[in-house]
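Per-entry structural report
So you can see what is in the structure, the chains are spelled out below.
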Amino acid sequence: GALGIGAALVSLLHSAGAHVFFSHVLTEPAEALLHDLTPSSSTGQKLHFIHTDVADYASNLHLFRTAYEVCGRIDHAVSAAGIGEKGNIFDPELTLETVQEV
């Protein structure tokens, strides 16, 4: 949640007063977002960045465990992780096989 749609969602939820625990595999942009949003936090509002590799189960579990231990519950979870594709993902000539090519 430190770039793109994830960062926009983190910012929106934070501005609405929500407790937000967000993750990203890249630490630098996540810490920059945290730095930008922290001054506008309400008293008692929680905003945390947890370094997470979404491809790793234990890393995901750490994110959820941290949020649960701090807040005592998790009301919502959003997955906004994405990867950049090579070429034109809207090419009508794409097949399941060509999409899987490395």
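The following refers to the structure shown. Note that this is a predicted model, so its numbers are computed, not measured.

A few words now on the side chain of Gln 45. Structurally, Gln 45 is set in the loop between helix H2 (27-37) and strand E2 (47-51). For Gln 45, the side chain forms a polar contact with the main-chain oxygen of His 14, separated by 2.9 Å. A polar contact of 2.8 Å, which involves the side chain of Gln 45, links it to the backbone oxygen of Ala 18. In contact with Gln 45, other than residues within four places in its own chain, are His 14, Gly 17, Ala 18, His 19 and Ser 40.

Of all hydrophobic cores here, the largest spans ten residues; its members are Ala 2, Ala 7, Val 10, Val 20, Phe 22, Ala 30, Leu 33, Leu 37, Leu 47 and Phe 49. Per-element tally for this core: the top contributor is H2, with three residues. The residues touching Val 20, leaving out its near neighbours within four places in the chain, are Val 10, Leu 13, His 14, Lys 46, Leu 47 and His 48.

To continue, consider the pattern of salt bridges. As enumerated under the stated definition, the model contains one salt bridge in all. Put simply, Asp 75 and Arg 73 hold a salt bridge, and the shortest N to O gap is 3.0 Å. The exposed category is assigned to Arg 73, whose relative accessible area is 55%.

Rules used in this analysis
- Residues numbered from 1 in each chain as written.
- Predicted model: local features only at pLDDT ≥ 70, side-chain atom pairs only at ≥ 80, totals over all residues.
- Heavy atoms only, no water.
- Helix = DSSP H or I, 4+ residues; strand = E, 2+ residues; numbered from the N terminus.
- Polar contact = N/O pair within 3.5 Å; in protein donor to acceptor, adjacent residues only side chain to side chain.
- Contact = heavy atoms within 4.5 Å.
- Core = buried A, V, L, I, M, F, W, Y, C linked by side-chain atoms within 4.5 Å.
- Buried < 20%, exposed > 50% of the residue type's maximum accessible area, 1.4 Å probe, protein only.
- Salt bridge = Lys/Arg side-chain N within 4 Å of Asp/Glu carboxyl O.

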